[in-house]
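Single-letter residue listing:
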Amino acid sequence: MLSKIALFAFFGGLAAALLLTPCVRALAWKLDILDRPADNHKRHRQPVALLGGFAVFLAWTAGIFCGIIAVTHNWIPGISGDLQESIVSGLSRTVKPLAAIFSGALLALLFGFYDDFKPMSAKWKFLWQFAAALIAVVAGGVRFNCFISCDFAEAAITVFWLMLMMNSINFFDNMDGLAAGTLAIAFALFCVIALLNGQFFISALSALSCGTVCGFWFYNTSPATIFMGDSGSHFLGYLVAVIAAKTTFFHSGYSLSRLPQLMPLFILALPLFDTAMVVAIRTWHHRPFWIGDLNHISHRFVRMGLSRFQAVVLVHLLALTVGIGILPVYWGNFATAAVLVGQSILMLGVITFLQLTLSDRIDHK
């Protein structure tokens, strides 16, 4: 039954995004909220609507409210009375944390939107990111289970995680459809794990987020007619970080080791790996790591001879391969889990080798 609710949430989010995104795009053109190419860092030649973050947020919000109404009024066919009562009872307990998560998401959306038009200094951006993360951790009770008995340490790690993902998705949103497609894969994988755990709230929220992003991707893929902007990348980075933290990866009934706690790092390996690479490259060349350039994984694949669309598809395939490959860690014994973790690390090593050798050779021809 949980899978049925997840499917309902997915298709609800998909429909909402498909309907609302063109409306928001038209509004962006009417209000002249456009991304105009002004430097060599950007590759689009015509203005593109820049309210994608609001389109995703509105579709996600509409999905939440419609989902709550549908579940409480038993509009989803096939749900028994006992399960209906259990779901409604569970919803009442999630009102407060959901409100806190929603507030943090709204804050991430709004300061990202401000940054789209009046770029903030790194100090102020980090401060607002910290505030949004703090809302989720303090008011929403979001915690990463790190097997640490100190609540303050877990809270600090979770705040860092949320800030890291907001910045990672912001960095990763550098080609049409790249961030949206990668996040859709991540949300789908988190939904699968939550379903295995019987986590009603997280599986439904993950499915809704996946559907919403898929609907937006339809307009954001090459050639994009709307960009998510910093508003969308911060909102979605915040959202995927919260869902990753709320998903239970270690389950005593399934997990035979503690290695499943590493799963979110591999499910989100591509944006995290890309962030680590570009920060290292910019630091090595004595450049501010928050200033954009063309050293992202997608840009390096283009320098290897792929088109921009092909580079995006390749990144999506890699994200899917690493993400699906790490799923058996959830139920495998220590030896199986260790082999799969090692395999995923080696795959990232292969990607690194290709990027740092082939693309650099092309650069020097």
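Structure: see above.
Please read these numbers as outputs of a predicted model, since none were measured by experiment.

Conventions and cut-offs
- Residues numbered from 1 in each chain as written.
- Predicted model: local features only at pLDDT ≥ 70, side-chain atom pairs only at ≥ 80, totals over all residues.
- Heavy atoms only, no water.
- Helix = DSSP H or I, 4+ residues; strand = E, 2+ residues; numbered from the N terminus.
- Buried < 20%, exposed > 50% of the residue type's maximum accessible area, 1.4 Å probe, protein only.
- Contact = heavy atoms within 4.5 Å.
- Areas by Shrake-Rupley, 256 points an atom, 1.4 Å probe, with all protein chains shown as cover.
- Salt bridge = Lys/Arg side-chain N within 4 Å of Asp/Glu carboxyl O.
- Core = buried A, V, L, I, M, F, W, Y, C linked by side-chain atoms within 4.5 Å.
- Phe/Tyr/Trp six-rings, centres within 6.5 Å; stacked < 30°, edge-to-face > 60°.

Draft legend 1. Up close: the overall build of the chain. The helix and strand tally for the chain stands at 13 helices and two strands. Of all 365 residues assigned to the chain, the portion counted as buried reaches 52%. If you take every contact in the chain between residues at least 6 apart in sequence, the share linking residues at least 24 apart comes to 74%. With the model as given, the accessible surface of the chain reaches about 16,400 Å², and the carbon-plus-sulfur share is 71%.

Draft legend 2. Region of the structure containing the pattern of salt bridges. Applying the stated criterion across every chain, the model contains three salt bridges. For the salt bridge of Asp32 with Arg36, the shortest nitrogen-to-oxygen distance reads 2.6 Å. A salt bridge links Lys125 to Asp115; the nearest nitrogen and oxygen atoms lie 2.9 Å apart. Taken together, the positions of Lys125 in helix H4 (residues 122–139) and Asp115 in helix H3 (residues 81–117) put the pair ten residues apart, joining distant regions of the chain. Across the pair, exposure class does not vary: Lys125 and Asp115 are buried alike.

Draft legend 3. Just the nonpolar core, in detail. Core analysis: the largest hydrophobic core is formed by 108 residues, its most contacted members being Trp60, Trp161, Leu162, Phe190, Phe235 and Tyr238. Among the elements that make up this core, the one with the highest residue count is helix H6 (residues 178–197) (13 residues).

Draft legend 4. Region of interest: the packing of aromatic side chains. The final tally for this structure, using the stated rule, is eleven aromatic pairs. A ring pair is formed by Phe144 and Trp161, whose centres lie 5.1 Å apart and whose planes are at 70°; its orientation type is edge-to-face. One end of the pair, Phe144, is in the loop between H4 and helix H5 (151–172); the other, Trp161, is in helix H5, and 17 residues separate them in sequence. Judged on exposure class, the residue Phe144 and its partner Trp161 are both buried. Relative to Tyr219, the ring of Phe218 has its centre 5.2 Å away and its plane inclined at 85°; by these criteria the two rings are edge-to-face. Accessibility expressed as a relative area gives 55% for Phe218, which makes it exposed.

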